[in-house]
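Chain residues, written in single-letter form:
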Protein chains: 2
Amino acid sequence: MEKIRVFCPASVANVSCGFDVLGFCLKEVGDEIIIRKSKQKGVKIISVEGHRLPSDPRKNVAGIAINSFLNKYPSNFGFEIEIIKRIKPGSGIGSSAASSAGAVFGVNKILGDPATKDDLIKFAMEGEKFVSGKAIPDNVSPLIYGGFTLTRSIDPIDVIKLPIPNELVAVIIHPQIEIKTLHSREVLKENVPMELAIKQSANLAGMVSGLYKNDYDLISKCLVDEIVEPHRSSLIPEFYKLKDVANKAGALGCGISGSGPSVFALTKGNEIAKRVADEMKKVFKNHDIGIQCYISKINPNGIKIIPSK
Amino acid sequence: MEKIRVFCPASVANVSCGFDVLGFCLKEVGDEIIIRKSKQKGVKIISVEGHRLPSDPRKNVAGIAINSFLNKYPSNFGFEIEIIKRIKPGSGIGSSAASSAGAVFGVNKILGDPATKDDLIKFAMEGEKFVSGKAIPDNVSPLIYGGFTLTRSIDPIDVIKLPIPNELVAVIIHPQIEIKTLHSREVLKENVPMELAIKQSANLAGMVSGLYKNDYDLISKCLVDEIVEPHRSSLIPEFYKLKDVANKAGALGCGISGSGPSVFALTKGNEIAKRVADEMKKVFKNHDIGIQCYISKINPNGIKIIPSK
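Keep in mind that this is a model prediction, so the values were computed, not measured.

Rules and cut-offs
Residues numbered from 1 in each chain as written. Chains lettered and ligands numbered in written order. Predicted model: local features only at pLDDT ≥ 70, side-chain atom pairs only at ≥ 80, totals over all residues. Heavy atoms only, no water. Helix = DSSP H or I, 4+ residues; strand = E, 2+ residues; numbered from the N terminus. Rg over C-alpha atoms; globule rule 2.2 N^0.38 Å. Contact = heavy atoms within 4.5 Å. Lys, Arg positive; Asp, Glu negative; His and termini not counted. Charge placed at Lys NZ, Arg CZ, Asp CG, Glu CD. Least-squares fit on C-alpha atoms with pLDDT ≥ 70 in both. Domains from an automatic or database assignment. Buried area = accessible area lost by both parts, 1.4 Å probe. Salt bridge = Lys/Arg side-chain N within 4 Å of Asp/Glu carboxyl O. Polar contact = N/O pair within 3.5 Å; in protein donor to acceptor, adjacent residues only side chain to side chain. Buried < 20%, exposed > 50% of the residue type's maximum accessible area, 1.4 Å probe, protein only. Pairing = 2+ DSSP bridges. Core = buried A, V, L, I, M, F, W, Y, C linked by side-chain atoms within 4.5 Å. Axes fitted to C-alpha atoms, helices over the stretch in contact; angles between N-to-C directions. Left-handed = near helix turned anticlockwise from the far one by under 90°. Nonpolar A, V, L, I, M, F, W, Y, C, P; charged D, E, K, R; others polar.

Student: Just give me the short version of the overall build of chain A, but keep the residues and values in it.
Tutor: Along chain A, the regular secondary structure elements total ten helices and twelve strands. Relative to the globule expectation of 19 Å for 309 residues, the C-alpha radius of gyration of chain A, 19 Å, shows essentially globular dimensions. For chain A, the share of sequence-separated contacts (at least 6 apart) that also reach a separation of at least 24 residues comes to 75%. Taken as two groups, the 41 positive and 33 negative side-chain charges of chain A have centres that lie 4 Å from each other.

Below is the structure:
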């Protein structure tokens, strides 16, 4: 294979009850990456379309992830990369994860799949580490495994692919302000009251149970964040208003997507999703902050090869 | 119905990764309670066989739980109770839960089932509160719902009955020393490092996933306690030695049962369970502390009516 084009979906990490461990990826929203073999060894970023990102591969998460890949699986040739960036960096829907996971996924395909899924997660995590200061694969895991994932352990990598209830739909509102993951980690406390840690773990376990049982009521009850939301919500404009209108419009629940500022809601079915999206958009009507809004089913496959144009 | 006899199984709470929320009950180990209608209103404890317990119903968890029941569902007649106590109080395998849940289960049957399962848990929790200072239903829930349970929420009560892999067997070693639940709560910290809280929640969620998937390897990996065991293990004689021999003999995992001193191991199948039990018993050979050992499958039904003799 000389060239590959991959779709790298956006993703929602944390999902209220699963800080740093739970995540899912979207179907209709994502970047594209084109990777070409080149004679010159190493990684060269040819172009970045859509959003401004460094073209120095040592400062670009896709380049960092590929270099980490090539350290373990050296190659006699190099790679040229074009990134078509549709997910805005700093949006909270896994922009850096899409770039880094998409890049190593593509390189692995070109080289004939030498790396395992867990290898790919590790390499992509190097990209994540560069932007957020911490290598957490909660956005990367669903991109590599597809669907809804629980990253049970990082060392060693252990990802559990969870079932996806058929009618589950995600709504994303992205207020156009940037929050650095690094900064959104700083507002968190180092310690958690035992009582809240227990409640949070029970909700995460309940959520997992709800996904297996296809039980939307249970999923709804478990979409609670006792630990992170109280601290991070202050960074997100109109957060509690968004949550309130989403819930009133019939959402199963609503919370911060990753480290924000995007806010996600989950719904049962597309009709409710549209209603929830409309109500959430209204919150920013006549507001000085612009928004983007996405509605998407959960993507069961994660990153995928698409036809080269 | 004038009289009822119920079997009230022993139970294991916490199960390493699910502090205060996870629990299962045993098949072959438990108390019996006989409850008879009486003309005189209120609760009278006629006899306690097996272990010394207060016969004053205001100081006996069975009496406390029944009185809590009768506050919500008053009755024109009273109840006489005989308790055949096989689970030693303070053993860590739900002795007080068996008495309090068994008592309200029986009274509810005699009165024609006016109370819901969640009501019964609430009444039984009053008994638990009396002995441990905190009303946590992690032992009571599996007795009322049967099997393996996740108590997702206490207020309101929300219990999720989890699937039980068919070959799952529990081994219990009960070193004959007494630890008051009250004391074993005192050694715990009020705050948990965020990092440990995340790991623990991921293991709990993984455990739930393992139960749904019938995945013994996953269950094994998740039987880890990052939060409670490091503090409570010092109260239990030979804890790390027991854990070591159990794991070496093929256990899926091993941890503190409830607040101890009992130690549980889970195994795949009876053969391994016997081997694990033998190895754990050897630790106490020539030891000045006596032990009791139980091997039991998980009891899918919880408390049940048995024929009156």
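Past the structure itself, the notes keep going.
Student: Please set out the relation of the copies chain A and chain B residue by residue, giving values where relevant.
Tutor: When chain A is brought onto chain B, the operation consists of a screw motion whose angular component is 180 degrees and whose axial shift is 0.0 Å, with 0.0 Å RMSD remaining. Such a combination of turn and shift is consistent with a two-fold rotation axis. Interface overlap between copies: 100% of the residues of chain A at the interface are likewise at the interface in chain B, consistent with a symmetric, same-surface contact.

Student: Please give an account of the domain arrangement of chain A that cites residues and values.
Tutor: All names here are of chain A. For chain A, the assigned domains read domain 1 (3-162 + 300-306) and domain 2 (168-297). On a C-alpha basis, the centres of domain 1 and domain 2 stand 24 Å from each other. Taken together, the 34 residues of domain 1 in the interface contact 39 residues of domain 2. At the boundary of domain 1 with domain 2, total buried surface from both sides reaches about 2600 Å², with 64% on carbon and sulfur atoms. Considering only the side of domain 1, the residues that lose the most area to domain 2 are Ser16, Cys17 and Phe19, jointly responsible for 24% of the buried surface there.

Student: Requested: an account of the interface of chain A and chain B, with residues and values cited.
Tutor: Opposite the 32 residues of chain A that make contact, chain B presents 32 residues. Note on chain A versus chain B: buried area summed over both sides is about 2600 Å², and carbon and sulfur give 68% of it. On the chain A side of the interface with chain B, the three residues burying the most area are Arg152, Met194 and Tyr212 of chain A, jointly 24% of the side's total. Asp158 of chain A serves as the salt-bridge partner of Lys221 of chain B, at 3.1 Å between the closest nitrogen and oxygen. Linking chain A with chain B are eleven residue pairs in polar contact (both at pLDDT 80 or more). Contributing elements (two or more residues each) for the side of chain A that touches chain B: strand 5 (148-154), strand 6 (157-162), strand 8 (191-193), helix 6 (194-213) and helix 7 (216-222) of chain A. For the side of chain A that touches chain B, the element with the most residues is helix 6 of chain A, which contributes 13 residues.

Student: Any details on the side chain of Ser75 of chain B? Residues and values, ideally.
Tutor: Residues and elements named next belong to chain B. Among the secondary structure elements, Ser75 is positioned in the loop between helix 1 (61-72) and strand 4 (78-84). A relative accessible area of 12% places Ser75 in the buried class. Within the local environment of Ser75, its side chain forms a polar contact with the backbone oxygen of Phe77, the two atoms lying 3.0 Å apart. Apart from the residues lying within four places of it in its own chain, the contact partners of Ser75 are Lys41, Leu70 and Leu111.

Student: Quick rundown of the pairing of strand 6 of chain A? Include the residues and the values.
Tutor: Within a regular strand, the side chains alternate between the two sheet faces. Residues and elements named next belong to chain A. In terms of residue burial, strand 6 counts as a mostly covered element, since five of its six residues are buried. Note: strand 5 against strand 6, six bridges, orientation antiparallel. Bridge pairing in strand 6 places Phe148 opposite Leu162.

Student: Tell me about the pattern of salt bridges, residues and numbers included.
Tutor: All names here are of chain A. Overall, the coordinates contain 28 salt bridges over all chains when judged by the stated rule. Ionic pairing is found between Asp31 and Lys85, a salt bridge with its closest N-O pair at 2.3 Å. One end of the pair, Asp31, is in strand 2 (residues 22-38); the other, Lys85, is in the loop between strand 4 (78-84) and helix 2 (95-110), with 54 residues separating them in the sequence. This pair shows no difference in class: Asp31 is buried, exactly as Lys85 is.

Student: Which residues make up the side chain of Asp158 of chain B, and what values go with them?
Tutor: For Asp158 of chain B, the position within the fold is in strand 6 (residues 157-162). Under the relative-accessibility criterion, Asp158 of chain B is labelled buried at 12%. The residues touching Asp158 of chain B, leaving out its near neighbours within four places in the chain, are Leu218 and Lys221 of chain A together with Leu150, Thr151, Arg152 and Ser153 of chain B.

Student: Kindly report on the nonpolar core, identifying the contributing residues and their values.
Tutor: The biggest cluster of nonpolar side chains holds 158 residues, and the ones touching the most others in it are Val15, Met207 and Leu266 of chain A together with Val15, Met207 and Leu266 of chain B. Leu235, Ala251, Val276 and Phe284 of chain A belong to the second-largest nonpolar core, a separate cluster that totals 23 residues.

Student: Give me the environment of Lys189 of chain A: which residues, what numbers.
Tutor: Checked against the element boundaries, Lys189 of chain A lands in the loop between helix 5 (181-186) and strand 8. In sequence terms Lys189 of chain A and His231 of chain A are 42 residues apart; their C-alpha atoms lie 8.4 Å from each other. In this structure Lys189 of chain A touches His231 of chain A together with Met194 of chain B, once residues within four positions along its chain are discounted.

Student: Pulling in residues and values, what's your account of the packing of helix 2 (residues 95-110) of chain B against helix 3 (residues 117-132) of chain B?
Tutor: Residue and element names in this part refer to chain B. Relative orientation of the contacting elements helix 2 and helix 3 amounts to 145 degrees, with a least axis distance of 9 Å. The two elements helix 2 and helix 3 cross, and the hand of that crossing is right-handed. Residue-level inspection shows Ser96, Ala97, Ser100, Ala101, Val104, Phe105 and Asn108 of helix 2 in contact with helix 3, the latter providing Leu120, Phe123, Ala124, Gly127, Glu128 and Val131. Partitioning the contact of helix 2 with helix 3 into residue classes produces eight nonpolar, four polar and one charged.

Student: Tell me about the sheet that holds strand 10 (residues 263-268) of chain B, residues and numbers included.
Tutor: Adjacent strands of a sheet pair through backbone hydrogen bonds, lying either parallel or antiparallel. All names here are of chain B. Strand order in this open sheet of four strands is 9-10-7-11, and the pairing throughout is antiparallel. The sheet terminates laterally at strand 9 (253-256) and strand 11 (291-297), the two strands that pair on one side only. Across the sheet, the mean angle from the axis of one strand to that of its neighbour is 20 degrees, orientation sign disregarded. Bridge analysis of strand 7 (residues 168-175) against strand 11 gives seven bridges, and the strand direction is antiparallel. Paired with Ala170 across the bridge in strand 11 is Ser296. In the packing of helix 10 (residues 270-283) onto the sheet, contacts are made with strand 7, strand 9, strand 10 and strand 11, and the angle to strand 7 comes to roughly 15 degrees.

Student: Which residues make up the pairing of strand 5 of chain A, and what are the values?
Tutor: Residues and elements named next belong to chain A. Among the seven residues in strand 5, six count as buried, and that is most of the element. Inspection of the sheet shows strand 2 paired to strand 5 by three bridges, in the antiparallel sense. Within the sheet, the bridge partner assigned to Gly23 lies in strand 5 and is Thr149. Once strand 5 ends, the chain turns through two residues before running back antiparallel as strand 6.

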